[in-house]
Protein chains: 2
Amino acid sequence: MASTPRTETSTPDENGAAGPFGTVRLTPLTAADPIPGGFPTVGVIGGGQLARMMQPPAIEMGVRLRVLAEAETGSAALAIHEAPVGDHRDLATVSEFAAGVDVITFEHEHVPGPILEKLVADGVPVRPGPAALGFAQDKLAMRAKLTELGLPCPRWAQVRTYDELSAFAGSLPGGLVLKTPRGGYDGKGVLLIDELSGSKALTAREWLEKAGPDGLLAEEKVAFTRELAALIARSPSGQAAAWPVVESTQKDGICHEVIAPAPGLSADQAALATSVGLRVAGELGVVGVLAVEMFETADGRILVNELAMRPHNSGHWTIDGAVTSQFEQHLRAVLDLPLGDVRARSPWTVMVNVLGGEYENLYRSYLHVMARDPGVKVHMYAKDVRPGRKVGHVTVCGDDLDDCLERARHAAAFIRGDIDE
Amino acid sequence: MASTPRTETSTPDENGAAGPFGTVRLTPLTAADPIPGGFPTVGVIGGGQLARMMQPPAIEMGVRLRVLAEAETGSAALAIHEAPVGDHRDLATVSEFAAGVDVITFEHEHVPGPILEKLVADGVPVRPGPAALGFAQDKLAMRAKLTELGLPCPRWAQVRTYDELSAFAGSLPGGLVLKTPRGGYDGKGVLLIDELSGSKALTAREWLEKAGPDGLLAEEKVAFTRELAALIARSPSGQAAAWPVVESTQKDGICHEVIAPAPGLSADQAALATSVGLRVAGELGVVGVLAVEMFETADGRILVNELAMRPHNSGHWTIDGAVTSQFEQHLRAVLDLPLGDVRARSPWTVMVNVLGGEYENLYRSYLHVMARDPGVKVHMYAKDVRPGRKVGHVTVCGDDLDDCLERARHAAAFIRGDIDE
Ligand SMILES: Nc1ncnc2c1ncn2[C@@H]1O[C@H](COP(=O)(O)OP(=O)(O)OP(=O)(O)O)[C@@H](O)[C@H]1O
Ligand SMILES: Nc1ncnc2c1ncn2[C@@H]1O[C@H](COP(=O)(O)OP(=O)(O)OP(=O)(O)O)[C@@H](O)[C@H]1O
Ligand SMILES: [Mg+2]
Ligand SMILES: [Mg+2]
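Residues numbered from 1 in each chain as written. Chains lettered and ligands numbered in written order. Predicted model: local features only at pLDDT ≥ 70, side-chain atom pairs only at ≥ 80, totals over all residues. Heavy atoms only, no water.

Student: Tell me about the nonpolar core, and name the residues and values.
Tutor: Core analysis: the biggest nonpolar cluster contains 109 residues, and V42, Y366 and V394 of chain A together with V42, Y366 and V394 of chain B have the highest contact counts within it. Every residue in contact with V394 of chain B, bar those within four places of it in the chain, is listed here: V350, M351, V352, V354, V376, K377, V378, A408, A411, A412 and I415 of chain B. (Core = buried A, V, L, I, M, F, W, Y, C linked by side-chain atoms within 4.5 Å. Buried < 20%, exposed > 50% of the residue type's maximum accessible area, 1.4 Å probe, protein only. Contact = heavy atoms within 4.5 Å.)

Written out as structure tokens, the structure is:
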């Protein structure tokens, strides 16, 4: 294992990955160690909250998770027994990790393609596979593929020079959006440009200079009425399932709130969004959960924004709100088990993210939040509070949307420390 | 720590508690190690499936669990990071375990009273406390207390000699039941005696000889129409909540099936059963989940059978079927957090236990079970299959009771290996 070995310590780590009863020590990988009943081990690359949230359904199903974590104190490492620390960009590390599990999957799209190709060549089940993942890793590749498939996208161009950017901007009626093709998340790597002049023009020039040989993705700024997401699961044998289409609201590029199902979405529009999602999953050969972020426009069009091939923030509502959560479903899909029922359990489910705020003691808020509302479901990720960081989410299910919204928003705001009553 | 220390091994344990990435080693207890956000650590005595099933809600709430396990390979130890092995009947072991957690709770009632008293004297929050637990540990003490409170029980007597037993049997119109006051579970320690003669009389004599100074509990054999259970949660500050009353079916003294809510139970009977449960919880000062097993008789009486002060098999339906599961609620209660909503999420929920059968490979059954029924929720405990042992359960929620029953029974029977299609 090429990762940093953990060593025995008698002073517990401040962040608590190591308890007073011991520290997990890396010993050489020897053989797969079965758990009773023939249950498999799923290896997850990445140790954040998405891996963490796979653990409850894994425990329920009797499936074991092993995580390749970025740090000993990661969100997943506190919940998942076997969480060796290692670099997912290092072939030897990933290969050795893969040797101890039955299937490899991901909580992010950042493992380099060549490493994934090598695992596949070595016979490791990698789900989703590198071909599919490539379209979630690279927004330019994604746009080209969707356009080839005739799927609706914002107008877009690949731009390597300021002249190309300027020409594209001139062809648009409104503003544009500049995106780094790789590595963006939570709005990082997204530049909104209402007018290509002044400081925005300067920043655009800087981005272009720093860009790789493929340049950047430029898109029309879509005057969307709202953002939707289609959540799909697909198994290696081709079975697919689609949860109800949701509405998601971003603040400063970060997912803030999700309503399931999207209020007032006509049956036709819902079917359209779902069929776009299913088509993407099938054509790209996705395995596991796929989230397709979309824009709804005033004239009723639905345009694809981007793809995520893993459980996604727009699907957190399914933990409490659907018969099968996206995390259970992701495990079922990557294990090629039959997929679970994706129906909602209540007429409405509202999920609101808890972003880090002023207060570090999140636990203290439970007293008030739970007393005020016995029905709110609080999910915390065991992450250090930093302003703007996703540290948890809350979910409320019910018959009345306004009531669910009020309750979920209140709980999230209180935990964050924005309100004190 | 007086427990057997775990030692480093390079060959992973056959049952998989230690993975190829390392073995948890016990190091001396030093100090509490906080997790980000001010979240507490709950110490659970016992490492079986009940502790295991506390882990999904603990992860969701950000609460950390630490388990004092019977063995490295226990059901909980596979799911809970910190699971030192130690003897819960040893004061030093339990005290040292308690020093590393914020509150002590249990998945069984077998910790000796004097140890619990010592912990309390040392200032450890023990929930439920020794006074309450005593009534779940000793069926004679339970009967005496319930009788003192005027709560309805089967006719009963404390019997130390065969003559006392014989006199009690003679006072009954029908058969009787002999019980060991302590340590019984799953029908072990329960002897049904339709007539006190022949081999039953012999066995009764043997039991009396082996009994402690308190002798045995003798009860009338209740001609019940069915068994009910009231599931209650109570917090140290006295808040209490009662889930819908359920019907449970035992086979050979082992819980087999639970239907929530109990079909056809009148509102009056449900209120009566609930009020008995709430009264027991309050009068005995229970903290955490309390299950009150009851008999319903043909003439409409409700008699208390026995008490369990922990999450209970009759409450497994709440994981999928209620807004707040008994496992989440138990954690909330022992942490003195406000209790969660106990309402059912569907008109009907059916839970069927999976007992060990012929087949050791439980996982293989998933392909068929999940394909046949995408809505069934399968819960597995990562235990070695042994005939008659509880190795998992399945749950189905829905609008139609017969449909739920058929589906849940089919899934459980298939996983067990009783049917093959
Ligand atoms: N073409 C566009 N027109 C208008 N708004 C856009 C456009 N592209 C992106 N946005 C806005 O910026 C947000 C972030 O964009 P995008 O999803 O591409 O970035 P990201 O950093 O990859 O985010 P994520 O965290 O979802 O992966 C979108 O949710 C949307 O609100
Ligand atoms: N007095 C009684 N009359 C008729 N049946 C009884 C009586 N007492 C017990 N039984 C039957 O035996 C079963 C087991 O009894 P009990 O619950 O007291 O035993 P246990 O071993 O403590 O079981 P558990 O696993 O529930 O703790 C009951 O569920 C019931 O079916
Ligand atoms: Mg996005
Ligand atoms: Mg019982």
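Student: Could you give me a rundown of the coordination of the magnesium ion (ligand 4), with the residues and numbers involved?
Tutor: All names here are of chain B. For the magnesium ion (ligand 4), the full set of protein donor atoms is E293 (OE), E293 (OE) and E306 (OE), and the range of their distances to it is 2.1 to 2.7 Å. Taken together, the residues span a long stretch of sequence, with E293 in strand β12 (residues 288–297) and E306 in strand β13 (residues 302–308) at a distance of 13 residues. Given a relative accessible area of 22%, E306 falls into the partly exposed group. (Donors = N, O, S within 2.8 Å, 3.2 Å for Na, K, Ca; no water. Helix = DSSP H or I, 4+ residues; strand = E, 2+ residues; numbered from the N terminus.)

Student: Any details on the site of ligand 2? Residues and values, ideally.
Tutor: All names here are of chain B. Close to ligand 2 lie 20 residues, the nearest being K179, D186, G187, E227 and E306. Measuring from an oxygen atom of ligand 2, one finds a side-chain N or O atom of E227 at 2.6 Å. Taken together, the elements giving at least two residues each to the shell around ligand 2 come down to β5 (176–179), β7 (216–220), β8 (224–234), β12 and β13. The class makeup of the residues in the shell around ligand 2 is six nonpolar, four polar and ten charged. Residues lining the shell around ligand 2 come from more than one domain, with at least three contributed by each of domain 2 (155–220) and domain 3 (223–345). (Near = heavy atom within 4 Å. Polar contact = N/O pair within 3.5 Å; in protein donor to acceptor, adjacent residues only side chain to side chain. Nonpolar A, V, L, I, M, F, W, Y, C, P; charged D, E, K, R; others polar. Domains from an automatic or database assignment.)

Student: Please set out the site of ligand 1 residue by residue, giving values where relevant.
Tutor: Residues and elements named next belong to chain A. Every one of the 20 residues lining ligand 1 counts as a neighbour, but K179, D186, E219, E227 and E306 are closest to it. Taking Y185, its main chain carries an N or O atom lying 3.3 Å from an oxygen atom of ligand 1. Contributions of two or more residues to the shell around ligand 1 are made by β5 (176–179), β7 (216–220), β8 (224–234), β12 (288–297) and β13 (302–308).

Student: Account for the pattern of salt bridges, naming residues and giving values.
Tutor: For the structure on display, the rule yields 48 salt bridges over all chains. Ionic pairing is found between E82 of chain A and R64 of chain A, a salt bridge with its closest N-O pair at 3.8 Å. Of this pair, E82 of chain A sits in the loop between β2 (64–68) and α3 (91–99) while R64 of chain A sits in strand β2, and the two are 18 residues apart along the sequence. Look at R64 of chain A and you get buried, because its relative accessible area is 7%. Taking the shortest distance from any N to any O, the salt bridge between K221 of chain B and D194 of chain B comes out at 2.8 Å. Here K221 of chain B is found in the loop between β7 and β8, whereas its partner D194 of chain B is found in the loop between β6 (190–193) and α8 (198–210), with 27 residues between them in sequence. The exposure class of K221 of chain B is partly exposed, given its relative accessible area of 35%. When salt bridges with common partners are traced through the structure, they connect R64, R66 and E82 of chain A into a single cluster. (Salt bridge = Lys/Arg side-chain N within 4 Å of Asp/Glu carboxyl O.)

Student: Describe the side chain of Q49 of chain B, and please don't skip the residues or the numbers.
Tutor: Residues and elements named next belong to chain B. By the element assignment, Q49 lies in helix α1 (residues 49–52). For Q49, a relative accessible area of 13% translates into the label buried. Polar contacts involving the side chain of Q49 include one to the side chain of K383, which spans 2.8 Å.

Student: Could you give an account of the coordination of the magnesium ion (ligand 3), naming the residues involved and the relevant values?
Tutor: Bound to the magnesium ion (ligand 3) on the protein side are E293 of chain A (OE), E293 of chain A (OE) and E306 of chain A (OE), at distances that span 2.1 to 2.7 Å. Look at E293 of chain A and you get buried, because its relative accessible area is 18%.

Student: How would you summarise the pairing of β13 of chain B if you had to cite specific residues and measurements?
Tutor: Residues and elements named next belong to chain B. With respect to burial, β13 is a largely interior element, six of its seven residues being buried. Here β12 runs beside β13; their pairing, made up of six bridges, is antiparallel. Bridging from a neighbouring strand, E293 pairs with E306 of β13. Between β12 and β13, which follow one another and run antiparallel, lie four residues, and G300 among them has a positive phi close to 80°. (Pairing = 2+ DSSP bridges.)

Student: So what's going on with helix α8 (residues 198–210) of chain A? Which residues, and what values?
Tutor: Residues and elements named next belong to chain A. With 13 residues, α8 ought to run about 18 Å at 1.5 Å a step, and its terminal C-alpha atoms sit 19 Å apart, in line with that. Looking at α8, one finds that the buried residues are A201, A204, W207 and L208. Within α8, the buried residues cover an arc of 120° as seen down the axis, which keeps them to one side. Facing away from the buried side of α8 by more than 90 degrees, the exposed set consists of G198, S199, L202, E209 and K210. Each element contacted by the buried residues of α8 is listed here: β4 (156–159), α7 (162–170), β5, β6 (190–193) and β7. (Expected span 1.5 Å × (residues − 1). Arc of directions from axis to C-beta.)

Student: Explain the UniProt feature "binding site: ATP" (unreviewed entry) in chain A to me, and be specific about the residues and the numbers.
Tutor: Residues and elements named next belong to chain A. UniProt's entry tags K139, K179, E219, E220, K221, V222, E227, N305 and E306 with the feature "binding site: ATP" (unreviewed entry), counted in the numbering of this structure. When you line up the elements, V222 lands in the loop between β7 and β8. When you line up the elements, N305 lands in strand β13. Note on N305: relative accessible area 7%, which makes it buried. What N305 contacts, discounting residues up to four positions off in sequence, is M142, R143, K179, E227, E293, M294 and F295. (UniProt positions renumbered as here; feature names shortened; annotations may be inferred.)

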